[in-house]
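# What the coordinates show
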Amino acid sequence: EQYIRRWAQTFPADKLDGYLSLLTARLWMAQGRYAEVTIEADILARVNPTGNYGAQLLMLAAGAYRKMDKPAQAAETLKRIVANFPESPLAIEAAETLKKK
């Protein structure tokens with residue numbers, strides 16, 4: 001986590017474009033800090049709703065919701081990917097996952 005803090009100090013713009021949020025969320029997923037992943041994704045989606053890393057971060061959030069046994073929130077997050085990032089390959093994956101439910 002200290003490396004991510006150093007990264008944030010060195011490259012503060014990465015917070016706004018979402019890369020720092022993505023790095024942080026990946027770390028938290030690995031640590032099982034699923035609620036924090038969903039909060040980070042929600043914050044980024046509000047600040048930069050069509051950012052370059054938004055689809056990836058929302059996909060992590062959907063996975064975190066599944067880990068927390070919150071299928072409705074996972075589905076809503078997948079719908080956000082399809083709606084906000086239609087050009088992303090993750091939109092196809094999200095749409096396919098939604099069809100399976």
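Our structure is the block above this text.
What comes next is a walk through the structure. The model shown is predicted, which means the values in this text are computed figures rather than measured ones. (Residues numbered from 1 in each chain as written. Predicted model: local features only at pLDDT ≥ 70, side-chain atom pairs only at ≥ 80, totals over all residues. Heavy atoms only, no water.)

## Regarding the nonpolar core
Judged by nonpolar contacts, the single largest core of 21 residues is most densely connected at V37, L57, M59, L60, L78 and I81. Broken down by secondary-structure element, the contributors of at least two residues to this core are helix 3 (19-31), helix 4 (34-47), helix 5 (54-67), helix 6 (71-84) and helix 7 (89-100). When residues in this core are grouped by element, the largest group, eight residues, is from helix 5. (Core = buried A, V, L, I, M, F, W, Y, C linked by side-chain atoms within 4.5 Å. Buried < 20%, exposed > 50% of the residue type's maximum accessible area, 1.4 Å probe, protein only. Helix = DSSP H or I, 4+ residues; strand = E, 2+ residues; numbered from the N terminus.)

## Description of the side chain of S88
In this structure, S88 sits in the loop between helix 6 and helix 7. Engagement of the side chain of S88 in a polar contact is seen with the backbone nitrogen of L90, the distance being 3.0 Å. (Polar contact = N/O pair within 3.5 Å; in protein donor to acceptor, adjacent residues only side chain to side chain.)

## Regarding the packing of aromatic side chains
Per the stated rule, a full pass over the model turns up one aromatic pair. Ring geometry for Y19 and Y53: centres 5.1 Å apart, planes at 50°, overall tilted. Of the two residues, Y19 is situated in helix 3 and Y53 in the loop between helix 4 and helix 5; the sequence distance between them amounts to 34 residues. (Phe/Tyr/Trp six-rings, centres within 6.5 Å; stacked < 30°, edge-to-face > 60°.)

## Concerning unusual backbone geometry
For D69, which is not a glycine, the phi torsion comes out positive at approximately 60°. Within the secondary structure, D69 is located in the loop between helix 5 and helix 6. The exposure class of D69 is exposed, given its relative accessible area of 64%.

## Some points on the packing of helix 6 against helix 7
Contact geometry of helix 6 with helix 7 gives a least axis separation of 8 Å together with a crossing angle of 140°. One element, helix 6, and the other, helix 7, form an angle in the oblique class. You can see that helix 6 and helix 7 cross each other, and the crossing is left-handed. From helix 6, A75, L78, K79, I81 and V82 reach across to helix 7, where they touch L90, A91, A94, A95, T97 and L98. (Axes fitted to C-alpha atoms, helices over the stretch in contact; angles between N-to-C directions. Parallel < 35°, antiparallel > 145°, perpendicular 65-115°, else oblique. Left-handed = near helix turned anticlockwise from the far one by under 90°. Contact = heavy atoms within 4.5 Å.)

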